[in-house]
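# Chains, contacts and geometry: an overview
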Amino acid sequence: MKLIVAIIQDKDSNRLSSALVKENYRATKLASTGGFLRAGNTTFMIGVDDHQVDSVLNVIRTSCKVREQLVTPVTPMSGTTDSYLPLPVEVQVGGATVFVLPVDRFEHF
């Protein structure tokens, strides 16, 4: 048995949740916050048998898309801000960060 932990952007959360239900996979959703952009994320925890891992990864892959987004960097905490002009920069957001972990024991009460 495996535990799949998928951290995705909030914009993809409903699409992934619907796709997992459609494929008959159960998941627990947790609200989380990304450290880099300080943006809202959703963390899915999905328990599956070993032979189902590739199928779940495919559902995640097709539901969570990478996209470009303009962000304004945070003002530096130290030093002078006289010469600092926060210009928007384009970064890639979205997609999914996925961990597949072995499960030694599973109980359902």
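Residues numbered from 1 in each chain as written. Predicted model: local features only at pLDDT ≥ 70, side-chain atom pairs only at ≥ 80, totals over all residues. Heavy atoms only, no water.

### As for the overall build of the chain
Put simply, the test is: A run of H or I in DSSP counts as a helix once it spans at least four residues, and a run of E counts as a strand once it spans at least two, with each numbered from the N terminus. Relative accessibility thresholds used throughout: buried, under 20% of the residue-type maximum; exposed, over 50%; partly exposed, between the two (1.4 Å probe, protein chains only).
Across its full length, the chain holds 2 helices and 6 strands. N-terminal to C-terminal, the α/β element order of the chain is β-α-β-β-α-β-β-β. Split into buried and exposed, the 109 residues of the chain put 25% on the buried side.

### Some words on the pattern of salt bridges
What counts here: The salt bridge criterion pairs a side-chain nitrogen of Lys or Arg with a carboxyl oxygen of Asp or Glu, the two atoms within 4 Å.
The tally for this structure, following the rule as stated, stands at 2 salt bridges. Between Asp 12 and Arg 15 there is a salt bridge, with its nearest N and O atoms 2.6 Å apart. By relative accessible area, which is 0% here, Asp 12 ends up buried. Judged by its relative accessible area of 43%, Arg 15 falls in the partly exposed class.

### Here we look at the sheet that holds strand E6 (residues 96-102)
Applicable threshold: For two strands to be treated as a pair, DSSP must find at least two bridges joining them. Note on geometry: axes are C-alpha line fits, over the in-contact stretch for helices, and angles between N-to-C directions span 0 to 180 degrees.
Spatially, the 4 strands line up as an open sheet ordered E2-E3-E1-E6, and their pairing is antiparallel. Unpaired on one side and paired on the other, strand E2 (28-33) and E6 mark the two borders of the sheet. If you compare each strand with its neighbour and ignore which way they point, the axes differ by 20° on average. Bridging between E2 and strand E3 (residues 40-48) involves 6 bridges; their strand directions are antiparallel. Its bridge partner being in E3, Lys 29 is matched across the sheet by Phe 44.

### Focus: the nonpolar core
As a reminder of what qualifies: Buried Ala, Val, Leu, Ile, Met, Phe, Trp, Tyr and Cys residues that are joined via side-chain atoms within 4.5 Å together make up what is termed a nonpolar core. Should any heavy atoms of two residues lie within 4.5 Å, those residues are considered in contact.
Counting residues in hydrophobic clusters, the biggest one holds 14 residues, and the most contacted among them are Leu 16, Leu 20, Ile 46, Val 56 and Ile 60. For this core, the secondary-structure elements that each account for two or more residues are strand E1 (2-9), helix H1 (13-22), E3 and helix H2 (53-63). Top contributing element to this core by residue count: H2, with 4 residues. Leu 20 has contacts with Tyr 25, Ala 27, Phe 44, Ile 46, Val 56 and Val 59, leaving out every residue within four places of it along the chain.

### As for the pairing of E3
Relative to E3, E1 is paired through 8 bridges, and the arrangement is antiparallel. Across the sheet, the residue bridging to Ile 4 is Ile 46, located in E3.

### Here we look at the side chain of Ser 63
Put simply, the rule is: N or O atoms within 3.5 Å of each other form a polar contact, as long as, within protein, one can give a hydrogen and the other can take it, and as long as residues adjacent in sequence are counted only when both atoms are side-chain atoms.
Checked against the element boundaries, Ser 63 lands in helix H2. Separated by 2.9 Å, the side chain of Ser 63 and the backbone oxygen of Val 59 make a polar contact.

### Side note on the packing of H1 against H2
Condition: Crossing handedness follows the turn of the near helix against the far one: under a right angle anticlockwise gives a left-handed crossing, and clockwise gives a right-handed one. Note on residue classes: Ala, Val, Leu, Ile, Met, Phe, Trp, Tyr, Cys and Pro are nonpolar, Asp, Glu, Lys and Arg are charged, and everything else, Gly too, is polar.
At a minimum axis separation of 9 Å, H1 and H2 run at an interaxial angle of 145°. The two elements H1 and H2 meet at a crossing, and its hand is right-handed. For the pair H1 and H2, the contacting residues are Arg 15, Leu 16, Ala 19 and Leu 20 in the first and Val 56, Val 59, Ile 60 and Ser 63 in the second. A class-by-class count of the residues in the contact of H1 with H2 yields 6 nonpolar, 1 polar and 1 charged.

### Details of the environment of Cys 64
The residue Cys 64 is located in the loop between H2 and strand E4 (66-71) in this model. Relative accessible area serves as the criterion here: at 7%, Cys 64 is assigned to the buried category. Taking the C-alpha atoms as reference points, Cys 64 and Asp 12, separated by 52 residues in sequence, lie 5.5 Å from one another. Dropping the residues within four chain positions of it, Cys 64 is found in contact with Ile 8, Asp 12, Leu 16, Gly 95 and Ala 96.

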